[in-house]
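A structural walkthrough
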Amino acid sequence: MIRRILVWDVPTRVFHWLQVLSFGASYLVAFSERLRNYHLALGYILLGLLVFRLLWGFIGTRYARFSSFLFNPKEVVAYLLMMAKGKPAHYLGHNPAGSVSVWLLLSLGMFVCVTGVMALQDDASDLVVAMHGVSTNAMLGVIVLHLVGVMVSSILHRENLVRAMFTGFKFAESDEGIQRAFGWLGALMVVAVAVFWFAYVRKPLG
Ligand code: HEM
Ligand code: HEM
């Protein structure tokens, strides 16, 4: 029997969409000297979100945990081969191919932010600034792959993955849903980001 089951908790969803907004907006203002403070505020917000996601990967709900999408290369290749035949196995959480883009996006995001903080230092080298720019471009490339992957997976499995990232729910012949959504934690994240944004814009850290 097909059931509607909760897969993504609220903090994971809030993390995802705030990450999209902060990355996108930070990129839009990155090239303006005048808007640098906004770039920094948005960058720190992304860094904070990523640090939260790192913790949540250990203590979060079932499908948010890193252990649930830690696949070895053999599993990734097997999944891609099944995908090429149009009959990939269904996963409730991230599938093996999707997990590769998830790992890349999380680590590239971290790298972009860390090199950004390094670029802020008075004695920052040109190399650090260049690494900040190059890693941003690499991340843009992986984001394109991520979007293609989400689209292909959604079509092959006839399942709206984007809607699931908004609502948290998927439809499946399974009762392996998560029990708690942790809505209060998602709300706390939104409040924390808003407070940080307004405090920073009024009084930048530098
Ligand atoms: C804590 C996070 C971040 C900090 C502290 C930070 C800091 C900086 C600083 C200081 C610069 C100027 C470098 C220079 O020309 O001397 C810069 C440039 C830049 N940042 Fe960030 N950044 C952060 C996050 C991000 C993010 C998330 C992105 C991507 C969305 C990004 C993309 C860029 C790009 C493309 C430039 C180059 C602009 C240009 O060539 O003039 N940064 N960032
Ligand atoms: C800045 C751009 C983006 C970045 C950095 C990004 C990053 C990520 C990350 C890290 C995850 C894993 C979520 C987690 O477990 O915490 C994820 C999942 C997901 N993202 Fe994005 N994303 C971006 C844009 C988008 C956009 C624009 C869409 C939709 C149009 C999208 C749709 C999804 C979906 C559907 C999933 C879940 C995939 C699955 O079911 O396995 N992403 N994304």
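Coordinates for the structure precede this section.
Residues numbered from 1 in each chain as written. Chains lettered and ligands numbered in written order. Predicted model: local features only at pLDDT ≥ 70, side-chain atom pairs only at ≥ 80, totals over all residues.

Looking now at the overall build of the protein chain. When helices and strands are tallied, the protein chain shows 7 helices and 2 strands. Moving toward the C terminus, one meets the helices and strands of the protein chain in the order β-α-α-α-α-α-α-β-α. The C-alpha radius of gyration computed for the protein chain amounts to 18 Å, which stays within 12% of the reference 17 Å derived for 206 residues, consistent with globular compactness. With the C-alpha coordinates aligned to their principal axes, the bounding extent of the protein chain is approximately 60 × 35 × 25 Å. Per-residue burial for the protein chain yields a buried fraction of 23% across its 206 residues. (Helix = DSSP H or I, 4+ residues; strand = E, 2+ residues; numbered from the N terminus. Rg over C-alpha atoms; globule rule 2.2 N^0.38 Å. Buried ≥ 20, exposed ≤ 12 C-beta atoms within 10 Å, placed from the backbone.)

Although it is not a glycine, R158 sits at a positive phi angle of roughly 45°. Turning to its location among the elements, R158 is positioned in the loop between α5 (126-156) and α6 (161-167). Among the residues examined, R158 registers 7 C-beta atoms within 10 Å and is labelled exposed. Of note in this structure, F182 is not a glycine but carries a positive phi near 55°. Relative to the helices and strands, F182 is located in the loop between β2 (169-172) and α7 (183-202).

Before going further, it helps to spend a moment on the site of ligand 1. In the region of ligand 1, 21 residues are neighbours, and Y27, A30, G43, C113 and G116 sit closest. Listing elements by their share of the shell around ligand 1, those giving two or more residues are α1 (10-29), α2 (36-59), α4 (96-120) and α5. Classifying every residue of the shell around ligand 1 by side-chain character gives 14 nonpolar, 7 polar and no charged. (Near = placed C-beta within 6 Å. Nonpolar A, V, L, I, M, F, W, Y, C, P; charged D, E, K, R; others polar.)

Attention now moves to the site of ligand 2. The immediate surroundings of ligand 2 are formed by 21 residues, with F23, H94, L105, L161 and M165 found nearest. Those elements that provide at least two residues to the shell around ligand 2 are α1, α4, α5 and α6. No other element matches the 7 residues that α1 contributes to the shell around ligand 2. Of the residues belonging to the shell around ligand 2, the class tally is 13 nonpolar, 7 polar and 1 charged.

Attention now moves to helix α3 (residues 73-84). Count 3.6 residues to each turn of an α-helix, and residues three or four apart come out pointing the same way. The terminal C-alpha atoms of α3 lie 16 Å apart, and with 12 residues this matches the ideal 16 Å at 1.5 Å per residue to within 8%. Backbone geometry just downstream of α3 places G86 in the positive-phi region, at approximately 80°. (Expected span 1.5 Å × (residues − 1).)

This part covers the nonpolar core. Nonpolar side chains tend to gather and get buried jointly when the protein is soluble and globular. Ranked by size, the top nonpolar core spans 15 residues in total, and within it I45, L46 and L49 carry the most contacts. Elements with a minimum of two residues in this core: α1, α2 and α4. Looking at this core element by element, the count peaks at 7 residues for α2. Residues within four places of L49 in sequence aside, it is in contact with F15, L18, Q19 and S22. (Core = buried A, V, L, I, M, F, W, Y, C linked by C-beta atoms within 7 Å. Contact = placed C-beta atoms within 7 Å.)

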